[in-house]
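Commentary on secondary and tertiary structure
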Amino acid sequence: MQCICFADEYLPYDYSDTRAVAIKLSPVRDISTSDEIYEGQEVDFKVRKNVYIDGFMFLPKDTIIKARIETIITKGMNGFPAELIIDNFKIDNVHQTQLLSTCIKAGRNYALLVYPIKWLLTPIPFVGSLTNLIQGGQARLKTDDVITIYYYPYWK
């Protein structure tokens, strides 16, 4: 029987350093699932305040950072909300593997309200089915919303 060992020298990465830099961002324009947006569309975010690493300025305030809309989930019946997933943030001279940057925004979820009403109305023929028409809320990311992504500068 052969033993396979994985020593640190054979791994192409080192994620042992957990020091992270928080980068606070806001969208330049409102983003909503009710608008004409599509998966793969680039969106712009701006840095909310100066970001420093080891006393040196890394990103000045109002720097534009591009990201991409990865997934759009439309709102559904029975109060299920729409969801918007934004990822793939691009920062100059930063490798994608050094960022934890997924932003997930969901609309209002009315399912906890709809299902009790649905079960309450079920004994009355066809009335419980009318609650199927209630839809959840749209996912919106406004210009005054703040999201945080994390940059791990010491990851290789």
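Right above here is the structure, for reference.
What comes next concerns the included structure. Note that the coordinates shown come from a computational prediction; the quantities given were computed from them, not determined experimentally.

**Here we look at the overall build of the protein chain**
- Scanning the protein chain for helices and strands turns up one helix and eleven strands.
- Seen in sequence order, the protein chain has helices and strands lined up from the N terminus as β-β-β-β-β-β-β-β-β-α-β-β.
- Relative to the compact-globule value of 15 Å for 156 residues, the protein chain shows a C-alpha radius of gyration of 22 Å, a clear excess of over 25%.
- The principal-axis extent of the C-alpha atoms belonging to the protein chain is close to 70 × 60 × 25 Å.
- Each of the 156 residues in the protein chain was classed as buried or not, and the buried ones make up 34%.
- Across the protein chain, contacts joining residues at least 24 apart in sequence account for 64% of those joining residues at least 6 apart.
- When the accessible surface of the protein chain is split by element, carbon and sulfur atoms take 56% of a total near 10,700 Å².
- Distance between charge centres in the protein chain, computed from 17 positive and 18 negative side chains, equals 8 Å.

**Some thoughts on unusual backbone geometry**
- Positive phi is not limited to glycine here, since Asp62 has a value of about 70°.
- Mapped onto the elements of the fold, Asp62 is located in the loop between strand 5 (56–59) and strand 6 (64–73).
- On the basis of relative accessible area, Asp62 is assigned to the partly exposed category, the value being 45%.
- One non-glycine residue, Phe126, lies in the positive phi region at around 70°.
- When you line up the elements, Phe126 lands in the loop between helix 1 (111–121) and strand 10 (140–141).
- Classification of Phe126 as exposed rests on a relative accessible area of 72%.

What counts and what doesn't
- Residues numbered from 1 in each chain as written.
- Predicted model: local features only at pLDDT ≥ 70, side-chain atom pairs only at ≥ 80, totals over all residues.
- Heavy atoms only, no water.
- Helix = DSSP H or I, 4+ residues; strand = E, 2+ residues; numbered from the N terminus.
- Rg over C-alpha atoms; globule rule 2.2 N^0.38 Å.
- Buried < 20%, exposed > 50% of the residue type's maximum accessible area, 1.4 Å probe, protein only.
- Contact = heavy atoms within 4.5 Å.
- Areas by Shrake-Rupley, 256 points an atom, 1.4 Å probe, with all protein chains shown as cover.
- Lys, Arg positive; Asp, Glu negative; His and termini not counted.
- Charge placed at Lys NZ, Arg CZ, Asp CG, Glu CD.

Keep in mind these numbers describe shape, not what the thing actually does.
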